[in-house]
Amino acid sequence: MEKRRFKFVIPSMVVVAVGAILMLRNYFQEVSTRDSVLLVVVATLFSGFVAYILFPHDDEEKPDPKPMNMKKKTSK
């Protein structure tokens, strides 16, 4: 699993879900309960998808270590 990526994805999904619920309850009371639940679910999934794409992922290939036995060039 890509633990580093999910470290950013899950909190962003939670923030979007809580924000969507608060906005729908405070500013848009005329939206039915079924529609508001659908809106929250879709917004949460969409934000998770976007965050999954944009945030960094684990590199499977690590770079080669710095060579230790390099001789210094001497100037003449």
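Definitions and limits used
- Residues numbered from 1 in each chain as written.
- Predicted model: local features only at pLDDT ≥ 70, side-chain atom pairs only at ≥ 80, totals over all residues.
- Heavy atoms only, no water.
- Helix = DSSP H or I, 4+ residues; strand = E, 2+ residues; numbered from the N terminus.
- Buried < 20%, exposed > 50% of the residue type's maximum accessible area, 1.4 Å probe, protein only.
- Polar contact = N/O pair within 3.5 Å; in protein donor to acceptor, adjacent residues only side chain to side chain.
- Contact = heavy atoms within 4.5 Å.
- Axes fitted to C-alpha atoms, helices over the stretch in contact; angles between N-to-C directions.
- Parallel < 35°, antiparallel > 145°, perpendicular 65-115°, else oblique.
- Left-handed = near helix turned anticlockwise from the far one by under 90°.
- Nonpolar A, V, L, I, M, F, W, Y, C, P; charged D, E, K, R; others polar.
- Expected span 1.5 Å × (residues − 1).
- Arc of directions from axis to C-beta.
- Patch = residues over 30% accessible without salt bridge, like charges linked within 9 Å, V, L, I, M, F, W, Y side chains within 5 Å.
- Areas by Shrake-Rupley, 256 points an atom, 1.4 Å probe, with all protein chains shown as cover.
- Salt bridge = Lys/Arg side-chain N within 4 Å of Asp/Glu carboxyl O.

Peer 1: Can you help me understand the side chain of Ser36 in this one?
Peer 2: Relative to the assigned elements, Ser36 resides in helix α2 (residues 33-54). A relative accessible area of 16% means that Ser36 is categorised as buried. A distance of 2.9 Å separates a polar atom in the side chain of Ser36 from the backbone oxygen of Thr33. Setting aside residues no more than four positions away along its own chain, Ser36 makes contact with Leu24 and Val31.

Peer 1: Sorry, what's going on with the packing of helix α1 (residues 3-27) against α2 here?
Peer 2: Packed helix pairs are specified by the crossing angle of their axes together with the interaxial distance, meaning the distance between the axes. Here α1 crosses α2 at 155 degrees, and the two axes come no closer than 8 Å. As judged from the angle between their axes, α1 and α2 are roughly antiparallel. In this structure, the crossing between α1 and α2 has a hand that is right-handed. On α2, the residues touching Arg5, Phe6, Val9, Ser12, Met13, Val16, Ala17, Ala20, Ile21 and Leu24 of α1 are Ser36, Leu39, Val40, Ala43, Thr44, Leu45, Ser47, Gly48, Ala51 and Tyr52. Class assignment for the residues of the contact of α1 with α2 results in 14 nonpolar, 5 polar and 1 charged.

Peer 1: I keep staring at α2 and nothing clicks. Help me out?
Peer 2: In an α-helix there are 3.6 residues to a turn, and that puts residues three or four apart on one side. When the terminal C-alpha atoms of α2 are compared, their 31 Å separation across 22 residues agrees well with the 32 Å that a helix rising 1.5 Å per residue should span. Taken as a whole, α2 has its buried residues at Ser36, Val40, Thr44, Ser47, Gly48 and Ala51. Along the axis of α2, the buried positions cluster into a sector of 100 degrees, meaning they face one direction only. Opposite the packed face of α2, turned more than 90 degrees from it, sit the exposed residues Arg34, Leu38, Leu45, Phe46, Phe49 and Ile53. Elements that come into contact with the buried residues of α2 comprise α1.

Peer 1: Just to check I follow, could you spell out a nonpolar patch on the surface for this structure?
Peer 2: Among the surface-exposed residues, Phe6, Ile10, Val14, Val18, Leu22, Phe46, Phe49, Tyr52, Ile53 and Leu54 lie close enough to one another that they form a single nonpolar patch of about 1000 Å² accessible area. Elements supplying a minimum of two residues to the nonpolar patch: α1 and α2. Along the polypeptide, Val18 turns up in helix α1. Relative accessible area serves as the criterion here: at 44%, Val18 is assigned to the partly exposed category.

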